[in-house]
Structure formats: C-alpha cells, structure tokens
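If you want the building blocks of each chain, they are given just below.
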Amino acid sequence: MRLVLLHSPLVGPASWASLAPLLRSRGHAVAVPDLTPLMAGDGPYYPALAEAVAAAASDTPVLVAHSGAGALVPAVAALAPLRGAIFVDALLPHPDTSWFAGVPEPLGAKLRGLAKDGRLPPWHAWWPKGAMEALLPDRKQGAGFIAEQGEVPLAFLEEVAPAIGLTTPSAYLQLSGAYKEDADAAEAEGWPVARLALSHLAILTHADAVAGQIERLAAGL
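Being a predicted model, the structure only gives us computed values, none of them experimental.

Basis of the calculations
- Residues numbered from 1 in each chain as written.
- Predicted model: local features only at pLDDT ≥ 70, side-chain atom pairs only at ≥ 80, totals over all residues.
- Heavy atoms only, no water.
- Phe/Tyr/Trp six-rings, centres within 6.5 Å; stacked < 30°, edge-to-face > 60°.
- Helix = DSSP H or I, 4+ residues; strand = E, 2+ residues; numbered from the N terminus.
- Buried < 20%, exposed > 50% of the residue type's maximum accessible area, 1.4 Å probe, protein only.
- Lys NZ or Arg CZ within 6 Å of the ring centre and 35° of its normal.
- Core = buried A, V, L, I, M, F, W, Y, C linked by side-chain atoms within 4.5 Å.
- Contact = heavy atoms within 4.5 Å.
- Pairing = 2+ DSSP bridges.
- Axes fitted to C-alpha atoms, helices over the stretch in contact; angles between N-to-C directions.
- Salt bridge = Lys/Arg side-chain N within 4 Å of Asp/Glu carboxyl O.

Q: Please clarify how the packing of aromatic side chains should be interpreted in this entry.
A: We describe a pair of aromatic rings using the distance from one ring centre to the other and the angle between the two ring planes. What the rule picks out here adds up to eight aromatic pairs. Judged by centre distance (6.0 Å) and plane angle (90°), the rings of Y45 and F156 are edge-to-face. One end of the pair, Y45, is in helix α3 (residues 45-56); the other, F156, is in helix α8 (residues 154-158), and 111 residues separate them in sequence. Of the two residues examined, Y45 and F156, each falls in the buried class. Ring centres 5.7 Å apart and planes at 70° place the aromatic pair W99 and F100 in the edge-to-face group. Overall, W99 belongs to the buried group, its relative accessible area being 13%. Exposure remark for F100: the relative accessible area of 9% places this residue in the buried category. By way of ring pairs, the aromatic residues W99, F100, W123, W126, W127 and F145 are connected into one cluster. Lying over the aromatic face of F100, R112 brings its terminal NZ or CZ to 4.0 Å of the ring centre.

Okay, structure coming up:
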C-alpha cells in the first residue's frame, strides 16, 4: 500500500521518524513530504502546502494526517486522487474557518501575546516546562523532534482554510484525550474510528501500536 504521512505544519517531518521506517519494513511505499520550508516563508499557506503534498501523492495513496495536518486534507484531495485519508489525533477539516476560530479564546489570546514580528515561538515552546520531556522521554528522539521546529507564522493560524468540503473516504485514530471530540465527531459521521489510550506523540513513542491501527484502518478504506 502507498501511504503519504503528513506532519502538522506546526512541527516537522521528524514526527514520523519512528513510523515511516517501520511501515516501509512492512512492505508499504511511504512518502513523508517536508512542509517546513513553506512555513518559513510568507503566505498564503494552505494553497502552497496542499500543492506540496499533492506533488508527493502519486499512485492514489492513503493520506495519513497527524494533528494540525488534518485541516489540509480537503485541499490536497482537490489536487490529487486519494484512496482515502486517516486522521491521526488530528483536527477535522474546517473549511472557510481559521485555526484560531476553532481554539478556546484563552489559548488564542495567549498565543497572540507570544507573537513577535508576526511569528510565534516554535510549537514545543508553547507548553509548560517538562511537557515535552513527559511526552518524549527518549532524549535522542525528543531532540530530533524539537530541533527541526521553527517559528510559526501568526498569519497561518489566522488564515482561513479553503472552502472545500471533505469527500474522501476517511477514518480516525484517536491517541489522546485532547482529540476525543474530533474522534466522536468522526464517529458520528459514520467513519471507522479506532482509539488508543496513549499520547498525542505516540506516533513517535508507540510506533508499532499506531502502525497496526493505521494498516487496519487503511485496509478498510
């Protein structure tokens, strides 16, 4: 099976450093497009990000989107034929709405307050001290994940996602409590849903368990 692993635009492709080689070892063709150069530039971001992912989406793959990458899926599907999409602890698409519009007002206000010259600190710096160490206890693994993260353009969080609905056959894999509402909404839409009581970054720390669920969900699309 061909899989395209899509990292959140707020972090980098090291999100998939454990899963990509594991899935390849199981016989899958795996692409991991790097979106970080686009996030270092100026917007508009959604069209550029969608084009970059579509360029890697040959041979009708299954798109596997983690975290904030879920919002990109409809725009990618409009440019490249997909067999399906799996949302892994991911935002559901929010067409014609910005990222900021979907988060609690206190978080939005906090992040706007952190911005300097239109840029936010890297994603890992948004959270309390010790949070990353708790999520990624393996120091080498954590260092690789953090090292490639750059400042986040405030304009990306303010940009309205393209007004494109999701028509791609989809499934949802919940990894953390933070994405229960998204998983519940997907289930209410009739999507296949799997749930693992792990953490948001289990794609790094529990690759074998996550890979098994991705394979199972992909086979059913």
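Anyway, onward from the coordinates.
Q: Sorry if this is basic, but what is going on with the nonpolar core here?
A: In globular proteins that are soluble, nonpolar side chains generally tend to be buried together. The biggest cluster of nonpolar side chains holds 50 residues, and the ones touching the most others in it are W126 and L157. At six residues, α3 tops the list of elements feeding residues into this core. With residues up to four places along the chain from it excluded, the contact list for L157 reads L10, S98, W99, F100, L111, L120 and W126.

Q: Before we go on, may I ask you to explain the pairing of strand β3 (residues 62-66) in this structure?
A: Side-chain positions along a regular strand alternate between the two faces of the sheet. Most of β3 sits out of view: five of its five residues are buried. The pairing of strand β1 (residues 2-6) with β3 spans four bridges and is parallel. Bridge assignment links L5 to a residue of β3, and that residue is V64. Relative to strand β4 (residues 84-88), β3 is paired through five bridges, and the arrangement is parallel. Counterpart to H66 in the pairing with β4 is V88.

Q: Is there a simple way to think about the sheet that holds β4 in this case?
A: Strand-to-strand pairing in sheets goes through backbone hydrogen bonds, with the strands running parallel or antiparallel. Spatially, β2-β1-β3-β4-β7-β8 is the arrangement adopted by the six strands of the open sheet, whose pairing is parallel. Edge positions in the sheet fall to β2 (29-31) and β8 (193-195), since each has one partner strand and no second. Between one strand axis and the next, the sheet turns through 20° on average, direction left out of account. Pairing of strand β7 (residues 170-174) with β8, which is carried by three bridges, proceeds in the parallel orientation. The residue of β8 that forms the bridge with Q174 is R195. α3 contacts β1, β2 and β3 of the sheet and is inclined by roughly 155° relative to β1.

Q: So what exactly am I meant to see when it comes to the pairing of β4 here?
A: With five of five residues buried, β4 is to be regarded as a mostly interior element. Taking every second residue as pointing to the same face, both faces of β4 are buried, with G84, I86 and V88 on one and A85 and F87 on the other. Taken together, the four bridges between β4 and β7 define a ladder with parallel strand orientation. Looking at β7, one finds that A85 is bridged to S170.

Q: Sorry, what's going on with the pattern of salt bridges here?
A: On inspection of all chains with the given rule, the structure shows six salt bridges. A salt bridge links R112 to E158; the nearest nitrogen and oxygen atoms lie 2.8 Å apart. Pair noted here: R112 is in helix α5 (residues 105-114) and E158 is in helix α8, with a separation of 46 residues, a long-range link. Residue classification places R112 among the partly exposed residues on the basis of a relative accessible area of 42%. For E158, a relative accessible area of 39% corresponds to the partly exposed category. The salt bridge partner of K180 is D184, with a shortest N-O separation of 2.6 Å. Of this pair, K180 and D184 are both found in helix α9 (residues 180-188), four residues apart, which corresponds to roughly one turn of the helix. The class for K180 is partly exposed, based on a relative accessible area of 44%.

Any functional reading would require information that these geometric values do not contain.
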